[in-house]
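Read off the chains here:
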Amino acid sequence: MKYFLYLLFIVVITAACYGFYIKPDNEPLSNKFIGSAVLSFFFVWMPLFIYHRYKNKDLKKYMITDETVQKIKDEAETFLD
């Protein structure tokens, strides 16, 4: 998955750069290259990247629950005393 993300990222950046490179000569085609690069970056690469980074993580550590709020209050009380 890691290498697929690297490859896809390079393809997307290359397509965008090529679109900007041919913009003076062929504007309709360059707009298609740039647009497809942006769409594939946001709708293909980014969700795959987020899935890859968080697939084995415990997301409860990052959620605000009653336990975490109480822990923060307790730490604040000890800090103020």
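All of the points below concern the structure found in this document.

About the thresholds
Residues numbered from 1 in each chain as written. Predicted model: local features only at pLDDT ≥ 70, side-chain atom pairs only at ≥ 80, totals over all residues. Heavy atoms only, no water. Phe/Tyr/Trp six-rings, centres within 6.5 Å; stacked < 30°, edge-to-face > 60°. Helix = DSSP H or I, 4+ residues; strand = E, 2+ residues; numbered from the N terminus. Buried < 20%, exposed > 50% of the residue type's maximum accessible area, 1.4 Å probe, protein only. Polar contact = N/O pair within 3.5 Å; in protein donor to acceptor, adjacent residues only side chain to side chain. Contact = heavy atoms within 4.5 Å. Patch = residues over 30% accessible without salt bridge, like charges linked within 9 Å, V, L, I, M, F, W, Y side chains within 5 Å. Areas by Shrake-Rupley, 256 points an atom, 1.4 Å probe, with all protein chains shown as cover. Salt bridge = Lys/Arg side-chain N within 4 Å of Asp/Glu carboxyl O.

1. Regarding the packing of aromatic side chains
Two aromatic rings are characterised by how far apart their centres lie and by the angle between their planes. A full pass over the atoms with the stated rule returns seven aromatic pairs. On the basis of an interplanar angle of 85° and a centroid distance of 5.1 Å, the ring pair of Phe41 and Phe42 is categorised as edge-to-face. Here the aromatic rings of Phe41 and Trp45 are separated by 5.1 Å at their centres, their planes lie at 10°, and the arrangement is stacked. In this pair, Phe41 and Trp45 are both assigned in helix α2 (residues 27-54), four residues apart and thus about one turn of the helix distant. Since its relative accessible area comes to 11%, Trp45 is described here as buried. Through successive ring pairs, a cluster of aromatic residues spans Phe9, Phe41, Phe42, Trp45 and Phe49.

2. Digging into the side chain of Ser30
Along the chain, Ser30 falls in helix α2. A distance of 2.8 Å separates a polar atom in the side chain of Ser30 from the backbone oxygen of Glu27. Beyond its immediate sequence surroundings of up to four residues, Ser30 is in contact with Gly19, Ile22 and Lys23.

3. Side note on a nonpolar patch on the surface
A contiguous nonpolar surface patch, about 510 Å² in accessible area, is contributed by Val38, Leu39, Phe42, Phe43 and Val44. Mapped onto the elements of the fold, Phe42 is located in helix α2.

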